[in-house]
Amino acid sequence: GQQVMQIPQYQHVQEGEDFTTYCNSSTTLSNIQWYKQRPGGHPVFLIQLVKSGEVKKQKRLTFQFGEAKKNSSLHITATQTTDVGTYFCAGQGIRDDMRFGAGTRLTVKP
Amino acid sequence: NAGVTQTPKFRVLKTGQSMTLLCAQDMNHEYMYWYRQDQGMGLRLIHYSVGEGTTAKGEVPDGYNVSRLKKQNFLLGLESAAPSQTSVYFCAAQRGFKEKLFFGSGTQLSVL
């Protein structure tokens, strides 16, 4: 079945440093979504990528979808303490269900 | 407009007990999902539904059953709870394919 893998599991950065998390699917995806979960909270939608090679930006966040629609990345420029949380990718393949990666937990030292 | 509401928020069960978790959405969304999140882990799909009256298995369906008799409700049942089912359970609703998921606030379940 479809599997979504995400690395790294943890990332600790100094405030102002950049951060990247990577997502890989075992199958071609119809779309990939990114979510952020704050400690003690629930996942909240950030963005969706649908097209091969798509790149989207939200302020300091840059999201990419690979040409083969099997991988994706989230890059945060100049992290801030408000970026703390766990970032998840989630992919929807030919089947209907949405599968999540294991997440990357980001901590930021002021 | 509450979005996605999960009840209960917390529950403690003894091994072998049964219970039902309720997920209700007021957005008229077609798809609904049940995920479990173990401590420090990602979200694993238990069961999902693409419409009223339909259900399908996800990654980790064993020990759980679901029903979607009404479009707005998605029930998750544990027939005989086991300690391995201790987790935080999240329900999510999705308007349709390739739409974003809206999550409930979660149910923290402990099985002793």
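Higher on the page you've got the structure.
Residues numbered from 1 in each chain as written. Chains lettered and ligands numbered in written order. Predicted model: local features only at pLDDT ≥ 70, side-chain atom pairs only at ≥ 80, totals over all residues. Heavy atoms only, no water.

A look at the packing of aromatic side chains
Here's step 1: For the coordinates displayed, the defined rule picks out 13 aromatic pairs over all chains.
Here's step 2: For the pair phenylalanine 88 of chain A and phenylalanine 100 of chain A, a centre-to-centre distance of 6.2 Å together with 75 degrees between the ring planes defines the contact as edge-to-face. Of the two residues, phenylalanine 88 of chain A sits in strand β9 (residues 85-92) while phenylalanine 100 of chain A sits in strand β10 (residues 98-100), which places them 12 residues apart along the sequence.
Here's step 3: Between the aromatic rings of phenylalanine 100 of chain A and phenylalanine 103 of chain B, the centroid separation amounts to 5.9 Å while the plane-to-plane angle is 75 degrees, which identifies the pairing as edge-to-face. With one member in each of two chains, phenylalanine 100 of chain A in strand β10 and phenylalanine 103 of chain B in strand β10 (residues 101-103) form a pair that bridges those chains. Judged on exposure class, the residue phenylalanine 100 of chain A and its partner phenylalanine 103 of chain B are both buried.
Here's step 4: Taken together, Tyr35, Phe45, Phe88 and Phe100 of chain A together with Tyr33, Tyr35, Tyr48, Phe90 and Phe103 of chain B form an aromatic cluster joined through their ring pairs. (Phe/Tyr/Trp six-rings, centres within 6.5 Å; stacked < 30°, edge-to-face > 60°. Helix = DSSP H or I, 4+ residues; strand = E, 2+ residues; numbered from the N terminus. Buried < 20%, exposed > 50% of the residue type's maximum accessible area, 1.4 Å probe, protein only.)

Thoughts on the pattern of salt bridges
Residue and element names in this part refer to chain B.
Here's step 1: Under the definition given, this model contains seven salt bridges over all chains.
Here's step 2: Of the charged contacts in the structure, one is a salt bridge between arginine 36 and aspartate 38, with a shortest N-O distance of 2.8 Å.
Here's step 3: We classify aspartate 38 as buried; its relative accessible area is 17%.
Here's step 4: Between glutamate 99 and arginine 95 there is a salt bridge, with the nearest N and O atoms lying 3.2 Å from each other.
Here's step 5: Here glutamate 99 falls in the partly exposed class, since its relative accessible area comes to 27%.
Here's step 6: Its relative accessible area of 52% is what places arginine 95 among the exposed residues. (Salt bridge = Lys/Arg side-chain N within 4 Å of Asp/Glu carboxyl O.)

Structural notes on the environment of histidine 47 of chain B
Residue and element names in this part refer to chain B.
Here's step 1: Its place among the elements puts histidine 47 in strand β5 (residues 43-49).
Here's step 2: Separated by 20 residues in the primary sequence, histidine 47 and serine 67 have C-alpha atoms spaced 9.6 Å apart.
Here's step 3: Here histidine 47 is in contact with Tyr33, Trp34, Ala56, Lys57, Gly58, Pro61, Tyr64, Asn65, Val66 and Phe74, once residues within four sequence places are set aside.
Here's step 4: For histidine 47, the side chain forms a polar contact with the main-chain oxygen of tyrosine 64, separated by 3.3 Å. (Contact = heavy atoms within 4.5 Å. Polar contact = N/O pair within 3.5 Å; in protein donor to acceptor, adjacent residues only side chain to side chain.)

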